[in-house]
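Given next are the chains, with one letter for each unit.
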Amino acid sequence: MDTVNIKELNERIQKESAFVDILSMEMTKVIIGQKHLVENLLIGLLAGGHILLEGVPGLAKTLAINTLASCINARFSRIQFTPDLLPADLIGTMIYSQKSEQFQIKKGPVFANFVLADEINRSPAKVQSALLEAMQERQVTIGEQTFKLPEPFLVMATQNPIEQEGTYPLPEAQVDRFMLKVVVTYPRKEEEKLIIRMNNGGTFPKANAVLQPEDILKARSVVRDVYMDEKIERYIVDLVYATRTPDDYGLKSLKDMISYGASPRASISLAMASKAYAFIKRRGYVIPEDVRAVCYEVLRHRIGLTYEAEAENITSENIISDIINAVEVP
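The numbers attached to residues start from 1 for each chain and follow its sequence in the written order. Per-residue local features of the predicted model are confined to residues with pLDDT of at least 70, and side-chain atom pairs are confined, for both listing and counting, to 80 or more; whole-chain, interface and lining totals are unaffected and use all residues. Side-chain numbers come from the whole structure's heavy atoms, not from hydrogens or water.

All right, on to the overall build of the protein chain then. Helix and strand definitions here come from DSSP, where helices need a minimum of 4 consecutive H or I residues and strands a minimum of 2 consecutive E residues; each element is numbered from the N-terminal end. In terms of regular secondary structure, the protein chain is built from 14 helices and 11 strands. Referenced to the eigenvectors of the C-alpha coordinate spread, the extents of the protein chain come out at roughly 70 × 50 × 50 Å. To sort residues, take the accessible area from a 1.4 Å probe on protein chains only and compare it with the maximum for the residue type: under 20% means buried, over 50% means exposed, and anything in between is partly exposed. Evaluated residue by residue, the protein chain yields a buried proportion of 49% over its 330 residues. Contacts in the protein chain between residues far apart in sequence, at least 24 positions, make up 79% of those at least 6 positions apart. Whether two residues are in contact is decided by their heavy atoms: any pair within 4.5 Å suffices.

Here is the structure:
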């Protein structure tokens, strides 16, 4: 690819990505701090991937996705997962109408652009798998009919890291469906003071709709055009392969810490998320820093830890750091 094309592409992406700043500004009006969370929501939105959020209660996880939906003038629905939830409560069901003497389909809350699955680990496997079919296939089957879900369709699931009674951990294969896993942390002291002030004053700013759902679909096709050099592709494959065969990258010590490495879905997600990150940074090409910026979110839930790792308090973050430091940067 010659330099002229890169230059043209860069100019085009700069023009097309102008809305990112406006969208971020609208979101930060409502959400104090949590810059990392807002950025990852945008990456998920632009890369067309779902997001798993982990954090203790009260860190604005629900508020964040609700705000994003209002900024995009999109349909938002929130489903509180509980142990007695049924798949029909999620996707909808068939109801017999006496008037027409026929069964009619009543669609469930999953028919929205943004779906917040609150505390997804509180419901049994049946319900989790109903949501995951919707996430993967972007369609839902009720009775004998199959319905396409609206576009854009983004699921943001939250789970509490504090292990409580009555939770059903998500199976590995299901966790893999999430493009990103974001760990939400506490706000800084200054930010928390602002949060108190805002709540005490009762003055809650509202986010305005600055985009339409079709703008997001258009932006997604532009994100796919972001240029990724073959060297970057090789770098992504090396990072993912290092989770499977750490020996080949001089990481012998990790061999007994990893029970299974990241799947090919990780490589796809890493490539798409890197492109979305470059787009957010208003660049028409991906650099190694983009890959490293999204690496933790894409890989942290895709690496299985052995008992030895858990005994030594080694987390998947430690493993990713070692891999990033060991794999040669192009």
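Moving on from the model shown.
Let us look at the packing of helix 3 (residues 35–47) against helix 11 (residues 264–280). Between two packed helices, the angle of one axis relative to the other and the distance separating the axes together describe the packing. It is the contact of helix 3 with helix 11, at a shortest axis distance of 9 Å, that shows an interaxial angle of 115 degrees. For the pair helix 3 and helix 11, the crossing hand works out as right-handed. On helix 11, the residues touching Glu-39, Leu-42, Ile-43, Leu-46 and Ala-47 of helix 3 are Met-272, Ala-273, Ala-276, Tyr-277, Phe-279 and Ile-280. By residue class, the composition of the contact of helix 3 with helix 11 is 10 nonpolar, no polar and one charged. Between N-to-C directions, angles cover 0 to 180 degrees, with each direction set by a line fitted to C-alpha atoms, over the stretch in contact for helices. Crossing handedness: left-handed means the near helix sits turned counterclockwise from the far one by under a right angle, and right-handed means the same turn made clockwise. Each residue gets one of three labels, nonpolar for Ala, Val, Leu, Ile, Met, Phe, Trp, Tyr, Cys and Pro, charged for Asp, Glu, Lys and Arg, and polar for the others, Gly among them.

All right, on to the packing of aromatic side chains then. Working definition: rings of Phe, Tyr and Trp (its six-membered ring) pair if their centres are within 6.5 Å, and the pair is stacked with planes under 30 degrees apart, edge-to-face with planes over 60 apart, and tilted otherwise. Counted according to the given criterion, the structure contains three aromatic pairs. Between the aromatic rings of Phe-19 and Phe-279, the centroid separation amounts to 6.1 Å while the plane-to-plane angle is 50 degrees, which identifies the pairing as tilted. Of this pair, Phe-19 sits in helix 2 (residues 18–30) while Phe-279 sits in helix 11, placing them 260 residues apart in sequence. Phe-279 matches Phe-19 in its accessibility class, with the two residues each being buried.

The next subject is the pattern of salt bridges. Any Lys or Arg side-chain nitrogen found within 4 Å of a carboxyl oxygen on Asp or Glu counts as a salt bridge. Scanning the entire structure with this criterion turns up 17 salt bridges. For Arg-188, the salt bridge identified is with Glu-191, shortest N-O distance 3.4 Å.

Here the focus is the sheet that holds strand 8 (residues 154–159). Two strands pair if DSSP finds at least two bridges between them. Here we have five strands laid out as an open sheet, ordered 2-5-8-1-9, and parallel in their pairing. Looking at the sheet topology across the chains shown, the edges are occupied by strand 2 (76–80) and strand 9 (180–183). Direction aside, the axes of adjacent strands within the sheet are offset by 20 degrees on average. Where strand 1 (residues 51–54) and strand 9 come together, four bridges link them in parallel fashion. When the bridges of strand 9 are listed, Glu-54 appears paired with Val-183. Strand contacts of helix 4 (residues 61–71): strand 1, strand 2, strand 5 (114–118) and strand 8, with the helix running at about 170 degrees to strand 5, the strand carrying the most contacts.

Below, the discussion takes up the nonpolar core. Buried Ala, Val, Leu, Ile, Met, Phe, Trp, Tyr and Cys residues that are joined via side-chain atoms within 4.5 Å together make up what is termed a nonpolar core. Counting 77 residues, the largest nonpolar core has Leu-68, Ile-72, Phe-114, Leu-239 and Phe-279 as its most contacted members. Considering each element in turn, this core owes the most residues, 10 residues, to helix 11.

Structurally, Glu-26 can be placed in helix 2. Relative accessible area serves as the criterion here: at 10%, Glu-26 is assigned to the buried category. Those residues in contact with Glu-26, other than ones at most four positions away along the chain, are Cys-71, Lys-206, Ala-207, Asn-208 and Val-210.

As judged from the six bridges shared by strand 3 (residues 92–97) and strand 4 (residues 102–107), these two strands associate in the antiparallel manner. Within strand 4, the position partnered with Met-94 by the bridge is Ile-105. Linking two consecutive strands that pair antiparallel, namely strand 3 and strand 4, is a turn of four residues; a positive phi of about 55 degrees is found at Glu-101 within it.

The subject of this paragraph is the environment of Glu-133. Counting through the fold element by element, Glu-133 comes out in helix 6 (residues 125–137). When the C-alpha atoms of Glu-133 and Gln-174 are compared, they prove to be 9.7 Å apart, with 41 residues separating the residues in sequence. In contact with Glu-133, other than residues within four places in its own chain, are Arg-138, Gln-139, Thr-141 and Arg-177.

All right, on to helix 8 (residues 189–201) then. In this analysis, the expected span of each helix is defined as 1.5 Å times one less than the number of residues it contains. Here helix 8 spans 18 Å end to end across 13 residues, near enough to the 18 Å set by a 1.5 Å rise per residue. The first or second residue beyond helix 8 is Gly-202, which carries a positive phi of 65 degrees.

Side chains of Met-94, Tyr-96 and Phe-103 sit close together on the surface and give an oily, nonpolar patch of about 330 Å² of accessible area. Position of Met-94 among the secondary structure elements: in strand 3. Candidates for patches are residues over 30% relative accessible area with no salt bridge; among them, like charges are joined within 9 Å and nonpolar side chains (Val, Leu, Ile, Met, Phe, Trp, Tyr) within 5 Å. Working definition of accessibility: Shrake-Rupley area with a 1.4 Å probe, residue cover restricted to the visible protein chains.

Our next topic: the environment of Leu-52. Tracing the backbone shows Leu-52 in strand 1. A residue is classified by how much of its surface remains accessible, and Leu-52, at 1% relative accessible area, is buried. Leu-52 sits 26 residues away from Arg-78 along the chain, and the two C-alpha atoms are 14 Å apart. Residues in contact with Leu-52, not counting those within four places in the same chain, are Ile-120, Ala-157, Gln-159, Leu-170, Val-175, Phe-178, Leu-180, Lys-181 and Val-182.

As a packed pair, helix 2 and helix 3 sit with axes 11 Å apart at the nearest point and diverge in direction by 135 degrees. The angle between helix 2 and helix 3 places the two elements in the oblique class. The handedness of the crossing between helix 2 and helix 3 comes out as right-handed. Residue-level inspection shows Phe-19, Val-20, Leu-23, Ser-24 and Met-27 of helix 2 in contact with helix 3, the latter providing Val-38, Leu-41, Leu-42 and Leu-46. When the residues that make up the contact of helix 2 with helix 3 are grouped by side-chain class, the tally is eight nonpolar, one polar and no charged. Roughly parallel refers to an angle under 35 degrees, roughly antiparallel to one over 145, roughly perpendicular to one between 65 and 115, and oblique to any angle outside these ranges.

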